[in-house]
Amino acid sequence: MMRNRQNLPEHDERFIQRQLESGRYHDRNEAIHAGLRMLEEFEDGLERWVHDEIPGRYAELQRHPSKAVSFEDARARFENKHRDALAKAK
């Protein structure tokens, strides 16, 4: 199989170099492969969420509309959760 190696943006190359210098990865390909595995896991999780969880939640809201939350309330909950996570990280 012939590989077509393309140059990555400088930011990405610096990140890979830092990962190599940390000793976490042995070579450039291993670091890139790890990133691709994470992306694949993320995409698989997103697909499961879209195809499995959202339809179930939507059906639940159709059965029990009183459980619905306004966009403003959902956003406020998300912002509070995010703020709490940031505070814990400090």
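Keep in mind the model is a prediction, meaning the values are calculated, not measured.

Participant: I'd love a proper account of helix α2 (residues 28-63), names of residues and values included.
Facilitator: Since one α-helical turn is 3.6 residues long, residues separated by three or four positions face the same way. The terminal C-alpha atoms of α2, which comprises 36 residues, lie 52 Å apart, in line with the 52 Å expected from a rise of 1.5 Å per residue. The sharpest bend along α2 reaches about 35° and sits at Trp49. Buried within α2 we find Arg28, Ala31 and Ala34. Buried residues along α2 sit in contact with α1 (10-22). N-cap assignment for α2: the residue whose side-chain oxygen lies 3.2 Å from the backbone N of Asn29 is Asp27.

Participant: Give a detailed account of a nonpolar patch on the surface, specifying residues and quantitative values.
Facilitator: Residues Leu36, Leu39, Phe42, Leu46, Trp49, Val50 and Ile54 make up a contiguous nonpolar surface patch of roughly 640 Å² in combined accessible area. By secondary structure assignment, the location of Val50 is in helix α2.

Participant: Residues and numbers for the pattern of salt bridges, please.
Facilitator: Tallied over the entire structure, the rule returns six salt bridges. The residue Arg14 makes a salt bridge to Glu10 at a minimum N-O spacing of 2.8 Å. With a gap of four residues between them, Arg14 and Glu10 both fall in helix α1, about one helical turn apart. We classify Glu10 as exposed; its relative accessible area is 59%. Of the charged contacts in the structure, one is a salt bridge between Glu60 and Lys67, with a shortest N-O distance of 2.9 Å. Accessibility expressed as a relative area gives 25% for Glu60, which makes it partly exposed. Sharing partners across several salt bridges, the network here consists of Glu60, Arg63 and Lys67.

Participant: Account for the confidence of the model for the protein, naming residues and giving values.
Facilitator: Averaged over every residue, the pLDDT of the protein is 92; the share at 70 or more is 94%. Within the protein, α1 carries the highest mean pLDDT (96), whereas helix α3 (residues 71-89) carries the lowest (92).

Participant: Tell me about the packing of α1 against α2, residues and numbers included.
Facilitator: As a packed pair, α1 and α2 sit with axes 10 Å apart at the nearest point and diverge in direction by 110°. By the criterion of interaxial angle, the relationship of α1 to α2 is roughly perpendicular. Two secondary-structure elements touch here, α1 through Glu13, Ile16 and Leu20 and α2 through Arg28, Ala31 and Ile32. Partitioning the contact of α1 with α2 into residue classes produces four nonpolar, no polar and two charged.

Rules of the game
- Residues numbered from 1 in each chain as written.
- Predicted model: local features only at pLDDT ≥ 70, side-chain atom pairs only at ≥ 80, totals over all residues.
- Heavy atoms only, no water.
- Helix = DSSP H or I, 4+ residues; strand = E, 2+ residues; numbered from the N terminus.
- Expected span 1.5 Å × (residues − 1).
- Bend = angle between axes of the 7 residues up to and from the residue.
- Buried < 20%, exposed > 50% of the residue type's maximum accessible area, 1.4 Å probe, protein only.
- Contact = heavy atoms within 4.5 Å.
- Polar contact = N/O pair within 3.5 Å; in protein donor to acceptor, adjacent residues only side chain to side chain.
- Patch = residues over 30% accessible without salt bridge, like charges linked within 9 Å, V, L, I, M, F, W, Y side chains within 5 Å.
- Areas by Shrake-Rupley, 256 points an atom, 1.4 Å probe, with all protein chains shown as cover.
- Salt bridge = Lys/Arg side-chain N within 4 Å of Asp/Glu carboxyl O.
- pLDDT = per-residue confidence, 0-100.
- Axes fitted to C-alpha atoms, helices over the stretch in contact; angles between N-to-C directions.
- Parallel < 35°, antiparallel > 145°, perpendicular 65-115°, else oblique.
- Nonpolar A, V, L, I, M, F, W, Y, C, P; charged D, E, K, R; others polar.

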